[in-house]
Amino acid sequence: MASALAAKMGFNSLLRKQARNFRVRICTMESEEEFNCEVKWKGKDLFDLVCRSLGLWETWFFGLQYTIKDTVAWLKMEKKILDQEVPNEEPITFFFLVKFYPENIEEELVQEITQRLFFLQVKKKILEEEIHCPPEASVLLASYAVHAKYGDYDPNVHEPGFLAEEELLPKRVINLYQMTAEMWEERITVCYAEHRGRTRDEAEMEYLKIAQDLDMYGINYFLIRNKKGTGLLLGVDALGLHIYEPENKLTPKCSFPWNEIRNISYSDKEFTIKPVGKKSNTFKFISSRLRVNKLILQLCIGNHDLFMRRRQVDSLEIQQLKAQAKKERARKQAEWQRLQREKKLRKEAERARAEMERKLIQLQEEAHMANEALLRSEQTADLLAEKAQIAEEEAKLLAQKAAEVETEMQRIKVTAMRGQEERRLMEQKMLEAEMRALKESEESERRTKEAEQLKQDLQEARESERRARNKLLEITSKAINASPVLPSDSIPPDLSYSRENLSFDFKDTDMKRLSMEIEKEKVEYMEKSKHLQEQLNELKTEIESLKLKERETPLDIIHNQNTEQGTSKQSNFKKLTLQSTKTKVAFFEEL
């Protein structure tokens, strides 16, 4: 059955070679795309086509990866695609990935697209735990990843819960602490808020600068055995070859820098490495299969070539590429600064507009209140005028009654002489008439005083009405005069903002200034490294009390021990490179 399947696969491969074209699917970290390829194409033809479609110049870091028989392989550049052990499928799937890592990511990566692809791939490896990352570094890296996606932190936009759907931390880190998703988001957001003012490119670069110091960053691991049959791990990276114990991928037992290696070869499953120096002992190891040896050799040759090229003067092409990239970064930085200024001016204009609207609303409210007061004054004045008129009429009526009473009293006096009885009765009536006249006179005086008081109230009401009208006129004139006029130089583009004064000159600096800038950058880098370490220690202290010790993985325990001993990736590599090659070979064979 196996032979029949192999025969069928061979027949399908033969049919594909006889065709004129075949299709391939290229998967990058962001997208997928299909291409038509000619049967005669070599790996380099397809690789160059993919790089051109991406606009990528720094091609030496990348390769086309595929999987065959559960083993990772890279497409060879100088060999025809269909002559290689590529998957027997249509379309053939390749993954465009980072194959070789730089020693110093900030100095070597030039293009924005190169940095972007590195960022996405390293982020994926950390989240999938192919690269071990301590919890405090995971939180800081997550904050830079959030900044790269969302830009500057804005509390009005980035409200609690905005990271609920984001995958930002390795599951190992989440399970290691008694912390809810909201608590993790709060920690990440605190760090995120501190990155204000950085562009997306700067946030991605800060992410990569932290990630490159992780112990497993940029290392390809392979299971090997030494002459004694001891199972070990071989690590291949930009600096050289490293030997690890299987349970400890963080701390190598010995290392061979590329400048100490003269020759690398393999025969079947046996791999031979010859150090520099005729008297130096060669050391050999055995891999699991021949295909793995081919992969190891590919990675060794590529990393060694890049190691040597870094120590030579850049070619003219690379110098031009770096100069162009530097100019492009300066242009983008200037554009970003311009946008930041416009954003600031827009906010100031919006604040001024809001303040103007607030004052206008306040003046409108005051005018409304003044109108209501005027209306009430007018109503009060009308009411008082009506009451005064009624009181005046009542006073006239009382005066008329008093006159009638006086006339009646005179008539009674004339007839009082008719008799004693009549006189007595007349006197009594006169007394009563006098009392009534007195009462009527008092009531008349009271009504007269009330009429005078109502007239006085009417005058006061009219005075209040006059003051209310003046107040309304004053408020109206104040609203007109208080309308702010924004200067044209403080208004963003959609508010008639002028760009005539924005110009940027790019000039070459002399070597002395350049060296001063380099020295300044070194000092700043040391300060940033110190600040970064302090930030990581602070994060570690904040969450340490919530750690569940029993959930620590072996790599977590090893990392903690290395931290307590002050051992880092760089210090350990320097220590191991100081050993003699003979000592390292002997140590490897005795493991």
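The structure presented is a predicted model; accordingly, all values stated were derived computationally and were not measured.

*Asks:* I tried to follow the packing of aromatic side chains on my own but got confused; where do I start?
*Replies:* The geometry of an aromatic ring pair is captured by the separation of the ring centres together with the interplanar angle, meaning the angle of the planes. Counted by the stated rule, this structure contains 17 aromatic pairs. Centroid distance Tyr 266 to Phe 271: 6.2 Å. Interplanar angle 20°. Geometry classified as stacked. A residue is classified by how much of its surface remains accessible, and Phe 271, at 0% relative accessible area, is buried. For the ring pair Phe 271 and Phe 285, a centre distance of 5.0 Å and an interplane angle of 10° mean the geometry is stacked. Taken together, the residues Phe 271 in strand E11 (residues 270-275) and Phe 285 in strand E12 (residues 283-287) connect sequence positions 14 residues apart. Sitting above the plane of the Tyr 221 ring, Lys 249 keeps its charged end 5.1 Å from the centroid.

*Asks:* I tried to follow the UniProt feature "binding site: a 1,2-diacyl-sn-glycero-3-phospho-(1D-myo-inositol)" (unreviewed entry) in the protein chain on my own but got confused; where do I start?
*Replies:* Within this structure's numbering, the places UniProt gives as "binding site: a 1,2-diacyl-sn-glycero-3-phospho-(1D-myo-inositol)" (unreviewed entry) are Lys 76, Met 77, Glu 78, Lys 79 and Lys 294. With respect to the element layout, Glu 78 can be found in the loop between strand E4 (71-74) and strand E5 (92-98). Taking the relative accessible area as the measure of exposure, Glu 78 reaches 58% and is therefore exposed. Excluding residues that lie within four positions of it along the chain, Glu 78 makes contacts with Lys 42 and Lys 44. You can see Lys 79 is positioned in the loop between E4 and E5. A relative accessible area of 38% means that Lys 79 is categorised as partly exposed. Excluding residues within four positions of it along the chain, Lys 79 makes contact with Lys 42, Gly 43 and Gln 84.

*Asks:* How do you make sense of helix H13 (residues 554-565) when you look at a structure like this?
*Replies:* The periodicity of an α-helix, 3.6 residues per turn, causes residues three or four places apart in sequence to face the same way. Its 12 residues give H13 an end-to-end C-alpha distance of 17 Å, which sits within 8% of 16 Å, the value for a rise of 1.5 Å per residue. Of the residues making up H13, those classed as buried are Asp 556, Ile 558, His 559, Asn 560 and Asn 562. Of the residues flanking the end of H13, it is Gly 566, one or two places downstream, whose phi is positive at about 75°.

*Asks:* Is there a simple way to think about the environment of Asp 154 in this case?
*Replies:* Among the structural elements, Asp 154 can be located in the loop between helix H5 (135-150) and helix H6 (171-175). For Asp 154, a relative accessible area of 27% corresponds to the partly exposed category. Counting along the chain gives 39 residues from Asp 154 to Ala 193, while the straight-line C-alpha distance between them is 8.1 Å.

Conventions used here
- Residues numbered from 1 in each chain as written.
- Predicted model: local features only at pLDDT ≥ 70, side-chain atom pairs only at ≥ 80, totals over all residues.
- Heavy atoms only, no water.
- Phe/Tyr/Trp six-rings, centres within 6.5 Å; stacked < 30°, edge-to-face > 60°.
- Buried < 20%, exposed > 50% of the residue type's maximum accessible area, 1.4 Å probe, protein only.
- Helix = DSSP H or I, 4+ residues; strand = E, 2+ residues; numbered from the N terminus.
- Lys NZ or Arg CZ within 6 Å of the ring centre and 35° of its normal.
- UniProt positions renumbered as here; feature names shortened; annotations may be inferred.
- Contact = heavy atoms within 4.5 Å.
- Expected span 1.5 Å × (residues − 1).

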